Amino acid sequence: MKDNGYLDDRSRAGLHPIAELRGVSKRFGDVLAADNLDLSISSGEFLSFLGPSGCGKTTALRMLAGFETPTSGEVLIDDQVVNDLEAHRRPVNMVFQSYALFPHLTVEQNIGYGLRQQRPRLGKDTIREKVGQALDVVRLSGFEKRRIWEMSGGQQQRVALARAIVNQPKLLLLDEPLAALDRKLRKEMQIELQDLQRQIGITFVLVTHDQEEALSLSDRVCVMGEGRIIQIGTPQELYDSPRSRYVADFVGTSNFFEGRVTASGAGRATVVLKNGMPVEGRVTAEAAPAGEACVSVRPEQIRLSRSDRTGIEVVVHNRIFLGEHTEYLVRNGTLGDFLVLSPRQSELNDGPFNTGETAWASWEAGSAVVLEKS
Amino acid sequence: MTQRARNWLLLTPATAWFLVMLVLPVSVVLIFSFGERGDGGGYVPAFTLEQYANLPARWAAFKNTMVLAPLGTVAAMLIAYPLAYFLAVRTSQKWKTMLLVLVIVPFWTSILIRSYAWIFILGGRGIPALLEMIGIEGVRLIYTPFAVTIGIIYGYLPLMVFPIFVSLDRLDKRLLEASSDLGARPWATFLQVTLPLSIPGVATGCLLVFILLMGEFLIPALLGGGKVFFVGNALVDLFLQSRNWAYGSAVAVTLIVVMLVSVTIYMRLIARLNTQREDVSLM
């Protein structure tokens, strides 16, 4: 439990963990898909597993669902160890990546499927009523008798959601649920997902490789890489205080400047960059790096200026107009290329800069983060 | 050349084949069935229903066919389904191909040789001899309807396994996970997801086996030993032995009609099952 100080704060605040992973590992032959995962999911939160493909996020989700048994460690749901509990006995439902809707059943029958499995049996009227409510929630009333293949991708997505939430699971697992939708629809569904979660109050666990999706939807994001949990935190914590270069790079865009640490203490460190310039930054990891290190600065935190000749001297190499912002790719002979995102407001004062023009790049001391070199 | 002309040109070989190899012979048989037997055998043109009036004389062959063909089909299906399920759902990709080949291998040997093998297995020195060793005497297997059914199941099993295997293999395995995730026990998942989605394969397999079985004559001839006669055997006998072409044609026409009627009823049933899917909730 090294990386989740935030979580400890939460549990101290008295939030009940609905599910936990305790030292969970999963090995497939020679591949260690999940490596000693420790995680506590609070009741009612929206948590995302974020990482590139093969990072173990889907394996983690499948262990919560009961499709995979951990090689070691314990999976808990509602304080019960469920390692050996089959998927059909777990109070957990999943929205599959390609929905996995039953093609031989109607919309109504798909949604009622879970209810029909309950023992003692539910009455037909009860089932109909609950299915009706679920259809209402996903705004598909009137589509009861439709066949799955008569529905659009977005509609199928909602049927899949309704099919899962109608059972009122303790945990709703979502495996890249929006990956198959086009960009516009994805945006809409993201908002719907968030509304839905607030409305029904079920704990959501989402798996995604899309950092934008994870950041915009989740209360907490669990960044994974090579089967391990790299960092857990709120989207803002991950963005502002990444504890490793991996997280800084994966969550949002960042510029990295390599150098040597010359002084550190009190949560700060000074790094001398390759051009001899000393830079101060915050230390987010447990211990300040020693020796080789890198400084991470977000593109929007760098200011370009032609009059204020402090900071790094650069040549504007490329300019991309983005409306509210302008993105510059700038070049320094020693430090290489990096990105600068200038808001329109500052452009009015000092910009815009033309390609080939010389300018000075600088940032506030507090916005830089000093990280291990790799 | 216009698109239309090209279409006709492409259809010509199939049409010609269909006319010469199917429509023509069936028409000939139909015409013969209203004729009479010549003195030395063969066919004499006439228009009489005499041959059809004589059909009850061959009732046994029809009865055997109508009982054993559906029975064999159902038995083959019941044996093929678990096998296909095992191959498609339970077997790893590595073994799948090899095991499938093992299912087809018997197909590469002549049905004649394979049926002969069964004559020995079911005959006096085969299973009955083994049963005698443990004290069960007087069991007769060869030349019984049982022997014919065994032969049928054995011979037609691959034909049944394949369509079922394909439908089960194509089945999206995530649907099974989804079903389990929604609380269905393994058996409930089978009844509500696997089985309904593999019905098309089962239907195809049954149709294929049933149609071929209706015309079967080799297996009854070898394993039925002249005691368990199919319509196919009656035809061989009428055309080649007694050279009564007119009567043989009447039997053939009747067989075709019986086959068409049963296949039509079968197709109707399957079609109804498919449209009824809406309220098929097997549980």
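## A word on the confidence of the model for chain A
For chain A, per-residue confidence averages 89 on the pLDDT scale, and 94% of positions sit at 70 or higher. A low-confidence stretch, residues 1–14 of chain A stays under pLDDT 50, and its non-local contacts, those more than four residues away or across chains, total 21 contacts.

## Some details on the environment of Leu 47 of chain A
Residues and elements named next belong to chain A. With respect to the helices and strands, the residue Leu 47 is situated in strand β3 (residues 46–50). Distance in space between the C-alpha atoms of Leu 47 and Gly 201 is 13 Å, their sequence separation being 154 residues. Beyond its immediate sequence surroundings of up to four residues, Leu 47 is in contact with Leu 39, Ile 41, Phe 204, Val 205, Leu 206 and Arg 220.

## Description of the domain arrangement of chain A
In terms of domains, chain A is made up of domain 1 (9–240) and domain 2 (253–372). Here domain 1 of chain A and domain 2 of chain A have C-alpha centroids that lie 39 Å from each other.

## Comments concerning helix α1 (residues 3–32) of chain B
For α1 of chain B, which comprises 30 residues, the first-to-last C-alpha distance of 41 Å matches the rise-based estimate of 44 Å (1.5 Å per residue) to within 8%. Along α1 of chain B, the sharpest change in direction is near 40 degrees and occurs at Thr 12 of chain B; proline Pro 13 of chain B comes one to four residues later.

## Here we look at helix α5 (residues 153–165) of chain A
Along its 13 residues, α5 of chain A runs 19 Å from first to last C-alpha, staying within 8% of the 18 Å computed at 1.5 Å per residue. Of all the positions in α5 of chain A, only Gly 154, Gln 155, Gln 156, Gln 157, Arg 158, Val 159, Ala 160, Leu 161, Ala 162, Arg 163, Ala 164 and Ile 165 of chain A are classed as buried. As for α5 of chain A, its buried residues are in contact with β6 (92–95), α3 (107–117), α4 (124–137), β7 (171–175) and α6 (183–200) of chain A together with α8 (173–181) of chain B.

## Digging into the pattern of salt bridges
Residue and element names in this part refer to chain A. Applying the stated criterion across every chain yields a total of 28 salt bridges over all chains. We note a salt bridge from Lys 184 to Glu 188, for which the minimum N-O separation is 3.4 Å. Note that Lys 184 and Glu 188 are positioned in helix α6 at a spacing of four residues, about one turn of the helix. For Lys 184, a relative accessible area of 61% puts it in the exposed group. For Arg 303, the salt bridge is made with Asp 308, and the minimal N-O distance between the two is 3.2 Å. Note on Asp 308: relative accessible area 32%, which makes it partly exposed.

## Remarks on unusual backbone geometry
All names here are of chain A. Note that the residue after Arg 119, namely Pro 120, is joined by a cis bond; omega there is 0 degrees. Take Pro 120: it is sitting in the loop between α3 and α4. Phi angles above zero are rare outside glycine, and Gln 168 is one such case at about 45 degrees. When you line up the elements, Gln 168 lands in the loop between α5 and β7. Residue Gln 168 is classed as exposed on the basis of its relative accessible area of 62%. Even without glycine at this site, Ala 266 takes up a positive phi of about 55 degrees. Within the fold, Ala 266 resides in the loop between β11 (255–265) and β12 (268–273).

## A few points about the sheet that holds strand β15 (residues 303–305) of chain A
All names here are of chain A. Across the sheet, which stays open at both edges, the five strands sit in the order β15-β19-β16-β17-β18 with antiparallel pairing between neighbours. Either end of the sheet is taken by a strand with one partner, and the two such strands are β15 and β18 (336–343). Between one strand axis and the next, the sheet turns through 45 degrees on average, direction left out of account.

## Quick notes on the interface of chain A and chain B
At the interface, 28 residues of chain A touch 24 residues of chain B. Summed over both sides, the interface between chain A and chain B buries roughly 2200 Å², with carbon and sulfur atoms accounting for 52% of that surface. The tally of links from chain A across to chain B stands at one salt bridge. In this structure, the salt-bridge partner of Arg 62 of chain A is Glu 177 of chain B, at a minimum N-O distance of 2.6 Å.

## Regarding the sheet that holds strand β2 (residues 31–42) of chain A
All names here are of chain A. The strand order across the open sheet built from four strands is β2-β1-β4-β5, with neighbouring strands paired in antiparallel fashion. On the outer flanks of this sheet lie β2 and β5 (80–81), each paired with one strand and no other. Relative to strand β4 (residues 72–77), strand β1 (residues 17–28) runs antiparallel, the two being bridged by five bridges. Looking at β4, one finds that Glu 20 is bridged to Leu 76. Helix-sheet contacts for helix α2 (residues 57–65) involve β1, β2 and β4, and the interaxial angle to β1 is about 120 degrees.

Calculation criteria
Residues numbered from 1 in each chain as written. Chains lettered and ligands numbered in written order. Predicted model: local features only at pLDDT ≥ 70, side-chain atom pairs only at ≥ 80, totals over all residues. Heavy atoms only, no water. pLDDT = per-residue confidence, 0-100. Contact = heavy atoms within 4.5 Å. Helix = DSSP H or I, 4+ residues; strand = E, 2+ residues; numbered from the N terminus. Domains from an automatic or database assignment. Expected span 1.5 Å × (residues − 1). Bend = angle between axes of the 7 residues up to and from the residue. Buried < 20%, exposed > 50% of the residue type's maximum accessible area, 1.4 Å probe, protein only. Salt bridge = Lys/Arg side-chain N within 4 Å of Asp/Glu carboxyl O. Pairing = 2+ DSSP bridges. Axes fitted to C-alpha atoms, helices over the stretch in contact; angles between N-to-C directions. Buried area = accessible area lost by both parts, 1.4 Å probe.

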